[in-house]
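Read off the chains here:
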Amino acid sequence: MTHFTIRISLIKLSNIVPFMQIKTLKNKIVLTTRNPKDVAVSHYNHHVRMKNVYSGYDGQFKDWIPLWIKGKIEYGSFVEYHQKWDQVIQQFPNQPILIMCYEDMRKDLEGAVRRLATFLEVNLTEEQIQDITRAAEFDFMKAKFKGTPCEVLIRKGCLAVKRHAGFIDTAGVKDGAGNVLPLTRMPNGRLFPPFGEEYINNIGTTKLRADDILVCGYPKTGCHWTWEIMVMILNGKAEYSDIGKLVTMLELANPELIESTPSPRILNTHAWFEELPSELRTLKNKIVLTTRNPKDVAVSLYNHHINLTDMFSGYNSQFKDWMPLWLNGTVEYGSFVEFHQKWDQTILEFPDHPILIMSYEKMKRDLEGAVRRLATFLEVDLTEQLIQDIAKATEFDVMKAKYKGRPSEVLIRKGVVGDWKNWFTDVMSEEVDKWKPELDKTRFTFTYT
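Fair warning: this is a prediction, and the values are worked out from it, not measured in the lab.

On a plain count of helices and strands, the chain comes out with 22 helices and 8 strands. Taking all 449 residues of the chain together, the buried fraction comes to 46%. Of the accessible surface of the chain, which amounts to about 23,800 Å², a share of 53% is contributed by carbon and sulfur atoms.

Moving on, we come to the pairing of strand β5 (residues 213-217). β5 sits mainly inside the fold: 5 of its 5 residues count as buried. Residues I213, V215 and G217 of β5 are buried on one face, and the alternating residues L214 and C216, pointing to the opposite face, are buried as well. Two elements, β5 and strand β6 (residues 266-269), share 4 bridges in a ladder whose sense is parallel. Looking at β6, one finds that L214 is bridged to L267. The pairing of β5 with strand β7 (residues 287-291) spans 4 bridges and is parallel. Bridging from a neighbouring strand, C216 pairs with L289 of β7.

Bringing the side chain of K286 into the picture now. Looking at the secondary structure, you find K286 in the loop between α13 (279-283) and β7. Among the polar contacts made by the side chain of K286, one reaches the side chain of E379 at a distance of 2.7 Å. Residues in contact with K286, not counting those within four places in the same chain, are D212, I213, L214, P354, F377, L378 and E379.

Each pair of packed helices can be described by the angle between their axes along with the distance between the axes. At a minimum axis separation of 9 Å, helix α18 (residues 367-378) and helix α19 (residues 384-393) run at an interaxial angle of 120 degrees. Considering their axes alone, α18 and α19 lie oblique with respect to each other. In terms of crossing hand, the pair formed by α18 and α19 is right-handed. Facing L367, E368, V371 and R372 of α18, the residues of α19 in contact are E384, I387, Q388, I390 and A391.

Tallied over the full model, the rule gives 18 salt bridges. A salt bridge links R372 to E384; the nearest nitrogen and oxygen atoms lie 2.8 Å apart. Of the two residues, R372 is situated in helix α18 and E384 in helix α19; the sequence distance between them amounts to 12 residues. You can call E384 partly exposed: its relative accessible area is 43%. With a closest N to O distance of 3.4 Å, E438 and K441 form a salt bridge.

Right, let's talk about unusual backbone geometry for a bit. The amide bond that connects S263 to the next residue, P264, takes the cis arrangement and shows omega of -5 degrees. On the secondary structure map, P264 appears in the loop between α12 (255-260) and β6. Unusually for a residue other than glycine, S55 sits at a positive phi of about 50 degrees. Relative to the helices and strands, S55 resides in the loop between α2 (36-49) and α3 (61-69). Look at Y75: it is not a glycine, yet its phi comes out positive at around 70 degrees. The topology assignment puts Y75 in the loop between α3 and α4 (78-91). Its relative accessible area of 47% is what places Y75 among the partly exposed residues.

Counting all residues, the mean pLDDT for the chain is 87, and 88% of those residues have values of 70 or more. Note on residues 158-166: pLDDT under 50 across the span, and 22 contacts to partners over four residues away in sequence or across chains.

On to the nonpolar core. F195, L276, W322, M323, W326, W343 and F424 are the most contacted members of the largest nonpolar core, which totals 60 residues. Secondary-structure elements contributing two or more residues to this core are β4 (191-192), α9 (197-200), β5, β7, α14 (294-307), α15 (319-327), α16 (336-349) and α21 (426-433). In terms of nonpolar packing, the next biggest core, distinct from the first, is built from 34 residues, A375, L378, I390 and A393 among them.

Before going further, it helps to spend a moment on the side chain of S429. Tracing the chain through its elements places S429 in helix α21. When neighbours within four sequence positions are excluded, S429 is seen to be in contact with K295, W420 and F424.

Each strand in a sheet pairs with its neighbour through backbone hydrogen bonds, running either in the same direction (parallel) or in the opposite one (antiparallel). The strand order across the open sheet formed by 4 strands is β6-β5-β7-β8, and the pairing between neighbours is parallel. The open sheet has two edge strands with one neighbour each: β6 and β8 (355-359). The sheet shows a mean angle of 25 degrees between the axes of neighbouring strands, direction not considered. Strands β5, β6 and β7 of the sheet are contacted by helix α11 (residues 223-235), whose axis makes an angle of about 160 degrees with β5. Along the sheet, α16 makes contact with β5, β7 and β8, crossing β8 at roughly 145 degrees.

Once that is clear, we can look at the pairing of strand β2 (residues 97-101). Within β2, 4 of the 5 residues are buried, leaving the element largely enclosed by the surrounding structure. Note: strand β1 (residues 29-33) against β2, 5 bridges, orientation parallel. Within the sheet, the bridge partner assigned to T33 lies in β2 and is C101.

The relative placement of two aromatic rings is captured by the distance of their centres and the angle of their planes. Within this structure, the stated rule accounts for 19 aromatic pairs. Plain terms: the ring middles of F273 and F350 are 5.1 Å apart, the flat faces sit at 40 degrees to each other, and that makes the pair tilted. In this pair, F273 is assigned in the loop between β6 and α13 and F350 in the loop between α16 and β8, connecting sequence segments 77 residues apart. Judged by its relative accessible area of 27%, F350 falls in the partly exposed class.

Reading guide: rules and limits
- Residues numbered from 1 in each chain as written.
- Predicted model: local features only at pLDDT ≥ 70, side-chain atom pairs only at ≥ 80, totals over all residues.
- Heavy atoms only, no water.
- Helix = DSSP H or I, 4+ residues; strand = E, 2+ residues; numbered from the N terminus.
- Buried < 20%, exposed > 50% of the residue type's maximum accessible area, 1.4 Å probe, protein only.
- Areas by Shrake-Rupley, 256 points an atom, 1.4 Å probe, with all protein chains shown as cover.
- Pairing = 2+ DSSP bridges.
- Polar contact = N/O pair within 3.5 Å; in protein donor to acceptor, adjacent residues only side chain to side chain.
- Contact = heavy atoms within 4.5 Å.
- Axes fitted to C-alpha atoms, helices over the stretch in contact; angles between N-to-C directions.
- Parallel < 35°, antiparallel > 145°, perpendicular 65-115°, else oblique.
- Left-handed = near helix turned anticlockwise from the far one by under 90°.
- Salt bridge = Lys/Arg side-chain N within 4 Å of Asp/Glu carboxyl O.
- pLDDT = per-residue confidence, 0-100.
- Core = buried A, V, L, I, M, F, W, Y, C linked by side-chain atoms within 4.5 Å.
- Phe/Tyr/Trp six-rings, centres within 6.5 Å; stacked < 30°, edge-to-face > 60°.

As C-alpha cells, then:
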C-alpha cells in the first residue's frame, strides 16, 4: 500500500506570501471571506479570549473598535487585505483560487463541501458529503474542540443577518421598575423569548420524522434534565450528549442544524401542542411533558432572565419588580396556569397520543424510578446496572459539573425543591396560591417542599 501526505498550509498574509514559488507550482489556494462587521466582533473576542497571546488584554469593544477600523491590528486593514487579493486574482487568472464565503457556507454547508471537494479534485460519495457536513456543523465542531487549546478560537459562528447576531425586543414589556424584559411578540399576541418571528415560526413548520420524540414543558420545569436522561437511554450509555439540548430546540436552533441531526432525534420546545407541526397528530410521536411547582419555576425563570445576559440584554431587575410580570403571564410562553390548562385539554382531546408526564419533584425523590419510567415509555430495555449508571450520571450536582464551562452552564443553577421560600414574600406566595382552584381542575399535581 502506498502512503502519501498532503500539506495544507494556513496563512493570513496578503503580500508576504512566497508567491514566486506558488505561481510556478500553481498550488491550489482556498481564500475565505466574511462580512467585516462580524469579523470585527469575532476579532475583538479573539483578542480578549487569547489571554496568553495578548497579555490579558481586556479593553472594552468601544475602545477596541477604532483600532480595527483604522487597520492598526495584526494583518492590517480589512479593506486593503481584500484589495490585495483581488489584485492577485486579476494578475494571475490561471492561479487556482477558490473563494469560500462564510455566510454562504452557513446557509448551505453541504454545498460548500461539494465545492471544496470539486476544487480539490476529490470524489466523495453522497454519504461522505453528508457525514462531513454534519461533522462540520458549528455546534458539533464547538463541542469537539471543548477542552482543547483551540477551544477559545471557536466562539459563536453566527451571522449578523440571522437572529443569532442579537436578540431583539419586539414586545415592549416593562417590569415594576420600568426595565424592559426583551421578548418577541407574535402577531397573535403570544410572547416568546427574543428569538424573532422567523425562528419561532419553525415550531410549526419543522418537518417531523416518524421516530422523533419531543420533550415539552413550561420553561424551567426540568426539560434539560429530562432531555439528557433520554439521550442516555436511547444511546444505551451513561454519557452526556456532545451537542446539547439547544441544538434541537425548535424555536431556537437553525432549521438546517435540526434537519442534520441523526435519528432518532429528541426535539424540544416550550410551546403548546396546537403550535407544534400538524403531522404530529398523524405520526403520534411520543411526547414527554415535564412539570414543576410554579413557585420554584418562578425563581428559576427569574434567574434565567438575569443569567442569560446576551439573550435578555443584561436584564438585572430585582425579583420583586420582575414577579408581577410572571404573575400576569407577561413572560415568554405566557401564563403558567394557561399552559397547563392547554396541555390538560390536549390530553383529553387526544387520548391515544402517547404523552408521559414527568414531575420534577418526583424525579428528585426517585431518579432511578424516573429512568425506568422513561425507558419503558421509550420502549428501551435497560440493564439494572445501566439504570443505576444513568441515574448517578444525571444527579443534579454531577450534571452541573459536566456543564461547567459550556454555553449552557448558566441554565443549570440549583435544582432543589423549595428554594422559593428563600425568595417569596408572604404576599407573593398567596398570589400563586390563588391559582390552586384552576390548577386543581387539571391532571397536574404539584409539590412545594
